[in-house]
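Observations on the model geometry
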Amino acid sequence: MKLILDGHTYKYELESLANMFFHENKVHVVYEKHVGEEDFLYTFQSVLPDGKISFKVASRIDGKLREQTLQKAPSGKDTDRFCEYHLCRMLYLQLEEATGVSLAWGMLTGVRPVRLIYRYRERGMNDAQIRSHLNEDYFVTQEKIDLLLETANNEKPILDLSRPESFSLYLSIPFCPSRCHYCSFVSHSIERAKKLVPEYVALLVREIAYVAPIVKSLGLRLETVYFGGGTPTAITAEQLEEIICAVEAHFDLSHLREYTVEAGRPDTITLQKMEMLKRKGVTRVSINPQTMNDAVLERIGRRHTAAQTVEAFYLARQAGHKNINMDLIAGLTGDTLPSFCSTIDRVIDLEPENITLHTLSVKRSSRIGQHSKEFYLSEHRRVQDMLSYAGQMFREKQYFPYYLYRQKNTIENMENVGYCKPGREGYYNVYIMDETHSIIALGAGGVSKLRRPGETLLHRIFNYKYPYEYIQRFDTVLSRKDEIVKFYR
């Protein structure tokens, strides 16, 4: 689908909006006046002699032509935002009519919609005014507005704990038992990459030792530690403990609010690993089944069963872990509404402290993403019923939403939400998604995001993406970390 921009440069929002309707036919943006013979989306803006702005949106979808014009005097100080909003609104309404699809999040395209609640409240808007604005001006459903308001209320106290000198530490263990078909992360099969692991662990320990004195010299305060991947428990208990001991030896953990390790795949979990994590001070672990349907697990490339998930959960409990997260995905290939509801019920029966519910996002670098058009055509389903059921059951069982974000290319353009029991919020999840304070990332694929107190712009420092690159160019990895000092000073 061709998206034509004529007389303006509001590419990002218009393209993001159009792509929400055309997953299987990505929008191609051009700057021209000619529409051509094929289907198109045309957006036009000009300033009239009387100062009003003239807008036009036209489209041809499946051969049917639609057209709308508008003339309106600018309001407010930000004319660009005014113009962008009206073009997006006109395009949204036209696409809604042409496709017959009404999006639950309406025109909102951003990753972090909860920030809108904070922004509106800072302007003095009450919740009733916010609700009216989001529904009438942006077409967000009341159900999603409820979710936004509740999430903002639960998330804000966590954000307020962060201080100007706060930072979080992320450590990447990019190895997994196998690669899930929906996965786009840098993760290597532990079977194929096993020979890389000892050297990778040794170099990660060196990176820890190099970075710790830097943050100490800057007076930074470590708030949360998060081991991610990949699957950190894919390596041996001894290798994982070596990295944890390095963190303990080099960083000041006296102000730590949370220490998370993603155990992730149930087939990597042993009692020895769970006991070691507990003994070393880890306060939160993740056991991520994604689904409790064995047939779906097989279809997405998992090598474990739902029974192994339950067994792994009880091993963690046996080792003394009292803050366990479980990740689930709505919209997986082959899953049905009854099957998904069964997954929700079975996970709730285990009584984990956290449940994170994702909507499937089809990434181009994933195995599913290589056939995205066929996937959307064959697997397109209404996941709203799945999410609605989950939200209802979570509330009944006293789980509340505490962080929320959206990704591109999700089925039905839905959201990812972290739910938890009272007082069991995942602090790192809030800080990384809100970009509250600096996140210093170590290991392959790690991206440090540095933020100065009082500023919103981030400075990123990239580690090499793949383990073999990280190993081969490790000296460069270390030298890049010197940018932390330059950034703060």
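Parameters at a glance
Residues numbered from 1 in each chain as written. Predicted model: local features only at pLDDT ≥ 70, side-chain atom pairs only at ≥ 80, totals over all residues. Heavy atoms only, no water. Buried < 20%, exposed > 50% of the residue type's maximum accessible area, 1.4 Å probe, protein only. Helix = DSSP H or I, 4+ residues; strand = E, 2+ residues; numbered from the N terminus. Contact = heavy atoms within 4.5 Å. Salt bridge = Lys/Arg side-chain N within 4 Å of Asp/Glu carboxyl O. pLDDT = per-residue confidence, 0-100. 1 Å grid on protein atoms, 1.4 Å probe; cavity = no way out; pocket = protein on both sides within 12 Å on 5 of 7 lines; lining within 4 Å. Points joined across faces, edges and corners; volume = space filled by probe spheres on them.

**Some thoughts on helix α3 (residues 114-122)**
Along α3, the residues classified as buried are Val 114, Leu 116, Ile 117, Tyr 118 and Tyr 120. Buried residues in α3 make contact with α4 (127-138), α5 (142-161) and β14 (400-406). Two residues or fewer past α3, Gly 124 is found with a positive phi of approximately 95 degrees.

**Regarding the pattern of salt bridges**
Scanning the model with the defined rule gives 22 salt bridges in all. Across the salt bridge formed by Glu 223 and Arg 257, the nearest N and O atoms sit 2.6 Å from each other. Of the two residues, Glu 223 is situated in strand β9 (residues 221-229) and Arg 257 in the loop between α8 (237-250) and β10 (258-264); the sequence distance between them amounts to 34 residues. Each of Arg 112, Arg 115, Asp 434 and Glu 435 takes part in salt bridges that share partners, so that together they form one network.

**As for the confidence of the model for the protein chain**
Mean pLDDT over the protein chain works out to 91, with 92% of the residues at or above the 70 mark. Note that pLDDT drops below 50 for residues 364-380; the model gives that stretch 36 contacts with residues more than four away or on any other chain.

**Here we look at empty space enclosed by the protein**
In this structure the tally under the stated criterion is one cavity of 30 Å³ or more. Each pocket or cavity is described by its volume, and for the largest cavity that value is around 60 Å³. Every residue along the wall of the largest cavity is listed here: Arg 112, Val 114, Arg 115, Glu 155, Leu 404, Met 433 and Asp 434. Of all the elements in the fold, those that place two or more residues in the lining of the largest cavity are α3 and α15 (427-434).

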